[in-house]
Amino acid sequence: MKLSDGVEQAIHSVAMLSGLSSGGVLSAAALAEFHGVSTSYLLKHLQALSGAGILQTVPGPRGGYRLARGADEITLLDVVLAVEGREPAFRCKEIRQRGPNPLPQRYMTRPCQINAAMLRAERAYRAELAKTTVAEVLGELAEQDMDGAVAARGCAFLQLHERKSS
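Computed from a predicted structure; not experimentally measured.

*Asks:* Looking at this structure, I do not really get the overall build of the chain. What am I missing?
*Replies:* Looking only at helices and strands, the chain has seven helices and four strands in total. Reading the secondary structure of the chain in the N-to-C direction produces α-β-α-α-β-β-α-α-α-α-β. Dimensions of the chain, computed from C-alpha atoms along their principal axes, come out at roughly 65 × 35 × 25 Å. Taking all 166 residues of the chain together, the buried fraction comes to 33%. Taking the contacts inside the chain whose residues are at least 6 apart along the sequence as the reference set, 68% of them involve residues at least 24 apart. As displayed, the chain has an accessible area near 10,300 Å², and 55% of this comes from carbon and sulfur atoms. The positive charge centre, built from 19 side chains, and the negative charge centre, built from 17, are 12 Å apart in the chain.

*Asks:* Would you mind going over the side chain of Glu122 with me for this structure?
*Replies:* Assignment of secondary structure puts Glu122 in helix 5 (residues 113–130). With near-sequence residues (within four places) excluded, Glu122 lies in contact with Met1, Glu87, Pro88, Ala89 and Phe90.

*Asks:* I keep staring at helix 3 (residues 39–51) and nothing clicks. Help me out?
*Replies:* Note: α-helices contain 3.6 residues per turn, so residues at a spacing of three or four share the same orientation. The terminal C-alpha atoms of helix 3, which comprises 13 residues, lie 18 Å apart, in line with the 18 Å expected from a rise of 1.5 Å per residue. If you check which residues of helix 3 are buried, you get Leu42, His45, Leu46 and Leu49. All buried residues of helix 3 project into a common sector of 105° when viewed along the axis, lining one side. Away from its buried face, by an angle of more than 90 degrees, helix 3 presents the exposed residues Ser40 and Gly51. Summarising the contacts, the buried residues of helix 3 are in contact with helix 1 (5–17), helix 2 (28–35), strand 2 (55–58), strand 3 (64–67) and helix 4 (76–84). Trailing helix 3 by a residue or two, Gly53 shows a phi angle of about 80°, which is positive.

*Asks:* Sorry if this is basic, but what is going on with helix 5 here?
*Replies:* A rise of 1.5 Å per residue sets the reference length of helix 5, with its 18 residues, at 26 Å; its end C-alpha atoms lie 25 Å apart and thus fit the reference within 8%. Those residues of helix 5 lying buried are Asn115, Glu122, Arg126 and Leu129. The arc that holds every buried residue of helix 5, seen down its axis, measures 55°, which confines them to one face. Along helix 5, the residues that are exposed and aim more than 90 degrees away from the buried face are Gln113 and Arg123. Packed against the buried residues of helix 5 are helix 4.

*Asks:* I would appreciate a short explanation of the pattern of salt bridges in the present structure.
*Replies:* One pass over the full model with this rule turns up five salt bridges. Among the ionic pairs, Glu122 bridges to Arg126, the shortest N-O distance being 2.9 Å. Within this pair, Glu122 and its partner Arg126 are both found in helix 5, separated by four residues, close to a single helical turn. The two residues Glu122 and Arg126 agree in class, both being buried.

Reading guide: rules and limits
Residues numbered from 1 in each chain as written. Predicted model: local features only at pLDDT ≥ 70, side-chain atom pairs only at ≥ 80, totals over all residues. Heavy atoms only, no water. Helix = DSSP H or I, 4+ residues; strand = E, 2+ residues; numbered from the N terminus. Buried < 20%, exposed > 50% of the residue type's maximum accessible area, 1.4 Å probe, protein only. Contact = heavy atoms within 4.5 Å. Areas by Shrake-Rupley, 256 points an atom, 1.4 Å probe, with all protein chains shown as cover. Lys, Arg positive; Asp, Glu negative; His and termini not counted. Charge placed at Lys NZ, Arg CZ, Asp CG, Glu CD. Expected span 1.5 Å × (residues − 1). Arc of directions from axis to C-beta. Salt bridge = Lys/Arg side-chain N within 4 Å of Asp/Glu carboxyl O.

Just geometry here; none of it tells us what the structure is for.
Here's what the structure looks like:
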C-alpha cells in the first residue's frame, strides 16, 4: 500500500502543532519551511485536516493553524483518512466478469476472494492506526531523543515562528 507524501507531511505537521502554547498558531508557510516542503502542497493537506476537525484554522494576518483537540485524541487513522479519504485502498472492479470468457453468473453469488482478502488486510491496517495516537508517537520519539536534540530543534523553531492569536 502506498500513501501519498501528504500523509507524512500531515502527521509531522500535527506533531509540530502539538508543541504550541495555549493560544498559539503556526502559519502554513512556517510549517512548510520547517519540513522543507512546498507550502501550496502542504496547505491542501492542512485544509483537509481542518475540514476533518483535527486542526483549527485561525484567520487573519496573525492567524494560522493549531490542533482542534489534544494530540492524545488524534489517531494516525484520523490523519490518514483526512488526507487520503475514507475509500479503501483496494477497489475491486470485478474484472473476473470481463474479457472474452467471463465467469458465469453462478460464480458471482459470492464476493471476490481477492477483494475479501484485501479488505481484511485494510481492516487490520486501519485498526492499528486507529489505536495509535499522535501523543503516543511523540512519547516514543521523546524516549529515543536521548540528548534532547530533536526536542530542542522543534522548540527553537516554535520560539521564532509561533504566533499568538487573539
